[in-house]
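Here is how the chains run, residue by residue.
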2 protein chains.
Amino acid sequence: MSAEIICVGTEMLLGDILNSNAQYLAKQLAQLGIPHHYQTVVGDNVERLKQVMDIATSRAQILIFTGGLGPTPDDLTCETIADFFGAPLVEKPEIIEDMTAKFAQRGRVMSANNRKQALIPQGADILPNPTGTAPGIIWQPRPGVTILTFPGVPSEMYRMWEETAVPFLKSQGWGQEIIYSRSLRFWGIGESALAEKVSFYFDLTNPTVAPYAGNGEVRLRVSAKAASEAVAADLIAPIEKEIREIAGLDYYGVDNDTLAVVVGKLLQASGETLSVAESCTGGGLGQMLTDISGSSEYFWGGVISYDNSVKVGMLGVNPEDLDKFGAVSATVAEQMALGVKTRLSTTWGLGVTGIAGPTGGSDTKPVGLVYVGLAGPKDEVTSIEYRFGSTRTRAYIRYVSACGALDFLRRKLVTRV
Amino acid sequence: MSAEIICVGTEMLLGDILNSNAQYLAKQLAQLGIPHHYQTVVGDNVERLKQVMDIATSRAQILIFTGGLGPTPDDLTCETIADFFGAPLVEKPEIIEDMTAKFAQRGRVMSANNRKQALIPQGADILPNPTGTAPGIIWQPRPGVTILTFPGVPSEMYRMWEETAVPFLKSQGWGQEIIYSRSLRFWGIGESALAEKVSFYFDLTNPTVAPYAGNGEVRLRVSAKAASEAVAADLIAPIEKEIREIAGLDYYGVDNDTLAVVVGKLLQASGETLSVAESCTGGGLGQMLTDISGSSEYFWGGVISYDNSVKVGMLGVNPEDLDKFGAVSATVAEQMALGVKTRLSTTWGLGVTGIAGPTGGSDTKPVGLVYVGLAGPKDEVTSIEYRFGSTRTRAYIRYVSACGALDFLRRKLVTRV
């Protein structure tokens, strides 16, 4: 038994809208433990939609449609489905009543073309739409085939899914088993290197372990299938523990725990504060930290020292060292860190200086070279050199520079004695 | 002749990621005038991918794949395509070379499993990946079938599409009639208010004019269909001129001209400099300005004065005014602006202070209340109050606060005598 998602709408073929409905439904099906192997997008076109249904009914038992239920002539999902299974359309008085009431509520008169939305295939049930005017249907046109339709407007679909579709699916004995996943996050190790370390786990079947990478970090998704989230969590826990032990310090968090969240929690736990001095990130590190509501408890602020005069004037960087070592150097990163820590009277100070590109690189100092300086509670300073690669975009280098700075502090916070 | 988009990745079937690649490719194909009628998402599964290829090759001539090109065992797009057409995989030394160089640049050693990425079907051409390690292929395995593959990482795919795929498609005689669009950008006016002013243009057929809104700004997309970009541009130019005249100061730029780009150009033209003092934006305004390569010419830096002690200590805000008017006030915004301008010796200084939420709001100072202060060449100060709405998210309020600050400066720069 499996489901298939069919999204209908020419606007998706033109790239005018992002198909977020497919992601929502995919996540919902996964949580219900209903397998689903294909998603199809097709335009508002009768023949092509029928062809898609031909294929889908040959490989799935639950067909979930979004889009094409509205009042305009290009909305043809419902009539095409009826025609595909050879059923006539019938007008449902309760839909007309519901629409009339909704229009009245908004102080409008229902225009004639809305009556189209009251036509559903003979034998189908109404899938009520509490917020909009176009209802969906729930229909078993022949044994082994179940049809669910939803309008394309995401907010309308969500409520219809939650309030009617989920109880219906469960009543059919589907979705009794759920899939629960945890996404383990790693920084400072590449996808292939991590994969080699934990390749043993990729052969497991329940839970499964799969790697994916993006934006400078690697994740391992650990997913378990079970009768309840608690049972699934019990299946995941020992595997997660083992992987975290193997990965050591490269593991930093799970699910929505970004590096800024993790560093924030560590600082809150120790009652310490942080300030930042930013050159190549230009404010991005501060923004990352202050994305979190309540970050004012441990993040006090910083200096964006984009121009060298600001490094000297506002942070006390030694002009001779700027000349001698250059703005992009370990020395300057450390002086920035100590300068901001001292001036803002925080426990920790981070300094970031690098070459974000695309211009400004040289043979000895290529684009992607970044130094992070860290000043600690006793004014001790240390630094790290990153080489993010000169083929990377400016936005990528700036983003991973800020992450790299947070990661440097994180490692210090969890390893100090 | 038509194209079909096939996105490969179990993560999409689990709803872990949004399929933004399909939207990007759909938009690109529309711009090239290449028809496309279907998009399919399928998991990392050999048999199912082959079944999808069976269907796709029966109804389309150009098959565009994204995802599944990486180094791990579940990345199987390329080998499945080769197998489908009965071609052996061959290792390309130039890919090994390119990968080795990229790993070296990042100071890492290439792990063995990366060699997999150098295997492509015999007879296929490499579609180079300038930023990542996994290349794609361009392949005509049999007459009437063209295969293009891309990695799933969006930023890598974009460059590969623009730099290699588009020239290739054009060289094949596809995408000859083009759709050329310009997206006119407006700040400080709502979608319905702007739509009322320019509604006349919505009835045009070539070019077409359509409004869309998002992230606090409104855009009008003006699109023309023609044999060449030059002819399309000629169709657009007079309409664009009229709309800009109607919109006046609310129009600020076109396409990729963000507010930061526009302000940067104005400052460059006048040879002036800018510094920023940020409270609620926490670095986001600086980041917006430094997203632009070359911004160091006019943007010198700033102070992230998240904690009040930093407003006083680093910017010279009067502690009595902080007590009397509160940190979120016009007075403090102006003192922040003047403080940073004076200390960093720039022509202009911007100060931003507000309540980003979700907590910290009150009846008199609700979430979404933001003050922007501006200090000018003669140390004159002025400010503006924004109310972005207390139902908005923290991320939204922070983003539009930074935009609102830039817009305030933009209006000053273009209207001064």
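Where an unreviewed UniProt entry is consulted, chain A appears under the name CinA-like protein, with the organism given as Calothrix parietina FACHB-288. Of chain A, the UniProt comment under Sequence similarities (unreviewed entry) reads exactly: "Belongs to the CinA family."

1. With respect to helix α13 (residues 330-344) of chain B
Residue and element names in this part refer to chain B. Between its first and last C-alpha, α13 extends 21 Å over 15 residues, near the 21 Å set by a 1.5 Å rise per residue. Listed as buried for α13 are V332, A333, Q335, M336, A337, G339, V340, K341 and L344. Once α13 finishes, S345 follows within two positions and takes phi at roughly 55°, a positive value.

2. As for the interface of chain B and chain A
At the interface, 76 residues of chain B touch 75 residues of chain A. Interface area, chain B with chain A, both sides summed: about 6,100 Å², of which 53% is carbon and sulfur. Counting across the interface, chain B meets chain A through five salt bridges. A salt bridge links D16(B) to R221(A); the nearest nitrogen and oxygen atoms lie 2.4 Å apart. Scanning the region where chain B abuts chain A turns up 39 residue pairs in polar contact (both at pLDDT 80 or more). Ranked by residue count, the leading element in the side of chain B that touches chain A is strand β2 (residues 36-42) of chain B, at seven residues. Residues that form the side of chain B that touches chain A fall into these classes: 27 nonpolar, 32 polar and 17 charged. As judged from the five bridges shared by strand β2 (residues 36-42) of chain A and β2(B), these two strands associate in the antiparallel manner.

3. Here's the deal with the sheet that holds strand β8 (residues 145-150) of chain A
Read across the open sheet, the twelve strands follow the order β6(A)-β7(A)-β8(A)-β3(A)-β1(A)-β2(A)-β2(B)-β1(B)-β3(B)-β8(B)-β7(B)-β6(B); overall the sheet is mixed. Where the open sheet ends on each side, the last strands, each with one partner, are β6 (125-127) of chain A together with β6 (125-127) of chain B. Ignoring strand direction, the axes of neighbouring strands in this sheet form an average angle of 20°. Pairing between β6(A) and strand β7 (residues 136-142) of chain A: three bridges, direction antiparallel. Across the sheet, I126(A) pairs through a bridge with I137(A), a residue of β7(A).

4. Observations concerning the side chain of S192(A)
Among the secondary structure elements, S192(A) is positioned in helix α7 (residues 191-198). Taking relative accessible area as the criterion, S192(A) reaches 7% and is therefore assigned buried. If we skip the residues at most four places from it in the chain, S192(A) touches P71(B), F103(B), S111(B), N113(B) and N114(B).

5. Concerning helix α4 (residues 77-84) of chain A
Residues of α4(A) that are buried: T77(A), C78(A), T80(A), I81(A) and A82(A). Positioned one or two residues after α4(A), G86(A) has a phi angle of 70°, which is positive.

6. Some words on the environment of G373(A)
Residue and element names in this part refer to chain A. Structurally, G373 can be placed in strand β16 (residues 369-375). Assessed through its relative accessible area of 0%, G373 is described here as buried. Counting along the chain gives 96 residues from G373 to A277, while the straight-line C-alpha distance between them is 9.3 Å. If near-sequence neighbours (up to four positions away) are discounted, G373 is found in contact with A333, E334, A337, G349, L350, G351, T382 and S383.

7. A word on the sheet that holds strand β9 (residues 178-186) of chain B
All names here are of chain B. Pairing is antiparallel across the open sheet formed by four strands, whose spatial order is β10-β11-β9-β12. The sheet terminates laterally at β10 (208-214) and β12 (251-254), the two strands that pair on one side only. The sheet shows a mean angle of 25° between the axes of neighbouring strands, taken without regard to direction. Contacts between helix α8 (residues 229-247) and the sheet are confined to β9, β10, β11 (217-226) and β12, with β9 contributing the most and set at about 20° to the helix.

8. A short note on the environment of G248(B)
Residues and elements named next belong to chain B. Residue placement: G248 occurs in the loop between α8 and β12. Since its relative accessible area comes to 37%, G248 is described here as partly exposed. For the pair formed by G248 and F186, sequence separation is 62 residues and the distance between their alpha carbons is 9.6 Å.

9. With respect to the UniProt feature "domain: MoaB/Mog" (unreviewed entry) in chain A
With numbering aligned to this structure, UniProt lists the feature "domain: MoaB/Mog" (unreviewed entry) at residues 4-172 of chain A. Taken end to end, residues 4-172 of chain A comprises 41% helix and 23% strand; its first and last C-alpha atoms sit 17 Å apart.

10. So, the packing of helix α11 (residues 308-315) of chain A against helix α13 (residues 330-344) of chain A
All names here are of chain A. In contact at an axis separation of 9 Å, α11 and α13 are set at 40° when each is read in the N-to-C sense. The pairing of α11 with α13 is recorded here as oblique in orientation. In terms of crossing hand, the pair formed by α11 and α13 is left-handed. Residue-level contacts link K311, M314 and L315 of α11 to V332, Q335, M336, G339, V340 and R343 of α13. For the contact of α11 with α13, the per-class residue count stands at five nonpolar, two polar and two charged.

11. Points about the nonpolar core
Formed by 85 residues in total, the largest nonpolar core has its most connected members in L274(A), L285(A), L350(A), L274(B), L285(B) and L350(B). The residues touching L285(A), leaving out its near neighbours within four places in the chain, are V276(A), E278(A), L350(A), V352(A), A402(A), A405(A) and L406(A).

12. As for unusual backbone geometry
All names here are of chain A. In the segment running from N206 into P207, the intervening peptide bond is cis, with an omega of 5°. Topologically, P207 is positioned in the loop between α7 and β10 (208-214). Of note, the amide linkage connecting G357 to P358 takes the cis form, showing an omega dihedral of 0°. Assignment of secondary structure puts P358 in the loop between β15 (348-354) and β16.

13. Considering the side chain of E156(A)
Tracing the backbone through its elements, the reader meets E156(A) in helix α6 (residues 154-171). Apart from the residues within four sequence positions on either side, E156(A) is in contact with N129(A), T131(A), G132(A) and P151(A).

14. Quick word on the state of the cysteines
A covalent bond between the sulfur atoms of two cysteines is referred to as a disulfide. Applying the stated criterion to the full structure yields zero disulfides over all chains. Left without a disulfide partner, C7(A) is nearest to the cysteine sulfur of C7(B), which lies 12 Å away. The class of C7(B) is buried, set by a relative accessible area of 1%.

15. A look at the environment of R48(A)
Looking at where R48(A) falls in the secondary structure, it is placed in helix α3 (residues 46-59). Owing to a relative accessible area of 26%, R48(A) belongs among the partly exposed residues under this scheme. Between the C-alpha atoms of R48(A) and T131(A), which are 83 residues apart in sequence, the distance is 30 Å. Once residues within four sequence positions are removed from consideration, R48(A) is found in contact with V42(A), H37(B) and Y38(B).

16. Some remarks on the domain arrangement of chain A
Residues and elements named next belong to chain A. The domains assigned to chain A are domain 1 (3-171), domain 2 (178-254) and domain 3 (259-415). Placing a centre on the C-alpha atoms of domain 2 and another on those of domain 3 gives a separation of 30 Å. In this assembly, nine residues from domain 2 lie in contact with twelve residues from domain 3. Together, the buried faces of domain 2 and domain 3 total about 890 Å²; carbon and sulfur atoms form 64% of this surface. The salt bridge involving D250 is made with R411; its shortest N-O contact spans 2.9 Å. One can count four residue pairs in polar contact (both at pLDDT 80 or more) joining domain 2 with domain 3. Considered class by class, the residues forming the side of domain 2 that touches domain 3 number four nonpolar, four polar and one charged.

Conventions we followed
- Residues numbered from 1 in each chain as written.
- Chains lettered and ligands numbered in written order.
- Predicted model: local features only at pLDDT ≥ 70, side-chain atom pairs only at ≥ 80, totals over all residues.
- Heavy atoms only, no water.
- UniProt positions renumbered as here; feature names shortened; annotations may be inferred.
- Helix = DSSP H or I, 4+ residues; strand = E, 2+ residues; numbered from the N terminus.
- Expected span 1.5 Å × (residues − 1).
- Buried < 20%, exposed > 50% of the residue type's maximum accessible area, 1.4 Å probe, protein only.
- Contact = heavy atoms within 4.5 Å.
- Buried area = accessible area lost by both parts, 1.4 Å probe.
- Salt bridge = Lys/Arg side-chain N within 4 Å of Asp/Glu carboxyl O.
- Polar contact = N/O pair within 3.5 Å; in protein donor to acceptor, adjacent residues only side chain to side chain.
- Nonpolar A, V, L, I, M, F, W, Y, C, P; charged D, E, K, R; others polar.
- Pairing = 2+ DSSP bridges.
- Axes fitted to C-alpha atoms, helices over the stretch in contact; angles between N-to-C directions.
- Parallel < 35°, antiparallel > 145°, perpendicular 65-115°, else oblique.
- Left-handed = near helix turned anticlockwise from the far one by under 90°.
- Core = buried A, V, L, I, M, F, W, Y, C linked by side-chain atoms within 4.5 Å.
- Disulfide = S-S within 2.5 Å.
- Domains from an automatic or database assignment.

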